[in-house]
Amino acid sequence: MAGPCSERLQGDVAAFTAALRTLVNNPQFSDVTFVVGREQQKVFAHRCVLACRCQAFRGMLTQVPVGSQDSSSSVPHQGPFILGNVQPEVFLAVIEFLYTNSVTLNSHIALDVLTSSVEYGLQDLCKLCAKFIKDTLSVEQVCEALQAAVTYGQTDLQQHCLAFIEGCTAAVVQTQGFRELSDVVLARVLCSDRLAVDELDLVQAVREWAHVSSAVLERPVPEVAALPVRELRLPLLAPSELVTLESHNQQDLLIPVESIAAAWRVHALRKGSGVPSRLCRPRRGTRPRDHHRHLEPHTK
């Protein structure tokens, strides 16, 4: 005699999600409250939903009695929970995801939701945020997105942001986001051969970035700029441009004199030996100069 058959059948997922969405920030039957942001906005939730969906919330919502070594004896934390460093709209997006496995994003909160997803260990939410950010990148926001991608180890998003920057470099270097990049991330950008901007303009953009960073970090310009300046391709500049650069450099010492001397040496010897080959390689947006033909054998 055959045994009983069993099968798991799936109901209407959309209807289920819609029903759970009605519980988001709904005080009815809620058993936990968060006080969120500077506005101290109350957000209502349900412990069982948060605990089963997110390990970080499980830890937040329970506590082990003093002196107990048994984690199974944990008891509910009474709350309310004060979350002063997150915007209510961002926190509500996280809550929405926990209840419905979907999220409503816009360009104003996407990066902050990405940050929260990393903090709470929500990998699926992190992927959704990264996809939204890639699909909605703009000149004004791409540097902030790149900084976040590097900070949180989002390799695919990093590559996407860099490709975007390479396509409209001249516009990107004029943005506030560019001036707020860390030195490490800026150096990564400057390593690219595909930046669509001339080196002289790039030097000026780095100079402006360095002065902003110097003021914010309260450190000397040469110190904050040491890492990215190594990636400036000074041998690509013409002699007249190097003269002007030296004049400007006397005011802020942005570029080490050794780097400028190496660029002059390239002109004197009519070849790129003595400097790293990457610094003699024209970028996609480099304007041709007469002396570049002497660099060609060195850059191949």
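What you see is a predicted model; the values in this text were computed from it and never measured. (Residues numbered from 1 in each chain as written. Predicted model: local features only at pLDDT ≥ 70, side-chain atom pairs only at ≥ 80, totals over all residues. Heavy atoms only, no water.)

### Some words on the nonpolar core
- Judged by nonpolar contacts, the single largest core of 75 residues is most densely connected at F34, L50, F57, F91, L234 and I255.
- The greatest single-element share of this core, amounting to 8 residues, is contributed by helix 4 (residues 88–100).
- Apart from the residues lying within four places of it in its own chain, the contact partners of L234 are V203, L242, L245, I255, S259, I260 and A263.
- Listed in part, the 6 residues of the second largest apolar core include L236, A262, C280 and L295. (Core = buried A, V, L, I, M, F, W, Y, C linked by side-chain atoms within 4.5 Å. Buried < 20%, exposed > 50% of the residue type's maximum accessible area, 1.4 Å probe, protein only. Helix = DSSP H or I, 4+ residues; strand = E, 2+ residues; numbered from the N terminus. Contact = heavy atoms within 4.5 Å.)

### A closer look at the packing of helix 4 against helix 5 (residues 110–119)
- The geometry of helix 4 relative to helix 5 is characterised by a closest axis approach of 9 Å and an angle of 55° between their N-to-C directions. The pairing of helix 4 with helix 5 is recorded here as oblique in orientation. Note that helix 4 runs across helix 5; the crossing there is right-handed. On helix 5, the residues touching V90, A93 and V94 of helix 4 are D112, V113 and S116.
- Counted by class, the contact of helix 4 with helix 5 contains 4 nonpolar, 1 polar and 1 charged residues. (Axes fitted to C-alpha atoms, helices over the stretch in contact; angles between N-to-C directions. Parallel < 35°, antiparallel > 145°, perpendicular 65-115°, else oblique. Left-handed = near helix turned anticlockwise from the far one by under 90°. Nonpolar A, V, L, I, M, F, W, Y, C, P; charged D, E, K, R; others polar.)

### Observations regarding the pattern of salt bridges
- Scanning the model with the defined rule gives 14 salt bridges in all.
- In this structure, R179 and E208 form a salt bridge, with 3.5 Å as the shortest nitrogen-oxygen distance. Here the residue R179 occupies a position in helix 10 (residues 176–179), and E208 occupies one in helix 12 (residues 199–217), the gap between them amounting to 29 residues.
- Relative accessible area serves as the criterion here: at 28%, E208 is assigned to the partly exposed category. (Salt bridge = Lys/Arg side-chain N within 4 Å of Asp/Glu carboxyl O.)

### Describing the environment of P235
- By secondary structure assignment, the location of P235 is in the loop between helix 14 (226–229) and helix 15 (239–252).
- P235 sits in the buried class, given a relative accessible area of 4%.
- The sequence separation of P235 and C52 amounts to 183 residues, and the corresponding C-alpha distance is 59 Å.
- If sequence neighbours within four positions are ignored, P235 has contacts with A263, V266, H267, V275, L279, C280, H291 and L295.

### Digging into the sheet that holds strand 2 (residues 41–45)
- Taken in spatial order, the 3 strands line up as 2-1-5 in an open sheet, and their pairing is mixed. Both outer strands of the open sheet, strand 2 and strand 5 (81–83), are each paired with one neighbouring strand and no more. The average angle at which neighbouring strand axes cross in this sheet is 25°, direction not considered.
- Sheet topology places strand 1 (residues 32–36) next to strand 5; 3 bridges connect them, and they run parallel. Bridge assignment links V35 to a residue of strand 5, and that residue is I82.
- Where helix 4 meets the sheet, its contacts fall on strand 1, strand 2 and strand 5, and the angle it forms with strand 2 comes to roughly 5°. (Pairing = 2+ DSSP bridges.)

### Regarding unusual backbone geometry
- Unlike most non-glycine residues, E218 shows phi in positive territory, near 55°.
- Even without being a glycine, L253 presents a positive backbone phi close to 55°.
- Of note, L253 is situated in the loop between helix 15 and helix 16 (257–269).

### What to know about the side chain of E231
- Its place among the elements puts E231 in the loop between helix 14 and helix 15.
- Residue classification places E231 among the buried residues on the basis of a relative accessible area of 12%.
- Look past the residues within four positions of E231 in its chain and what remains in contact with it is A187, L190, C191, E199, R278, L279 and R283.

### Some words on the packing of aromatic side chains
- Counted under the stated rule, the structure contains 5 aromatic pairs.
- Seen in terms of ring centroids, F57 and Y120 are 4.8 Å apart; in terms of plane orientation they differ by 15°. Their pairing is stacked. Linking F57 in helix 3 (residues 55–61) with Y120 in the loop between helix 5 and helix 6 (123–135), this pair joins segments that are 63 residues apart in sequence.
- Under the relative-accessibility criterion, Y120 is labelled buried at 15%.
- Clustering of aromatic rings is evident, with ring pairs tying together F34, F57, F81, F91 and Y120.
- One residue, R53, lies across the ring of F97, its end atom 5.1 Å from the ring centre. (Phe/Tyr/Trp six-rings, centres within 6.5 Å; stacked < 30°, edge-to-face > 60°. Lys NZ or Arg CZ within 6 Å of the ring centre and 35° of its normal.)

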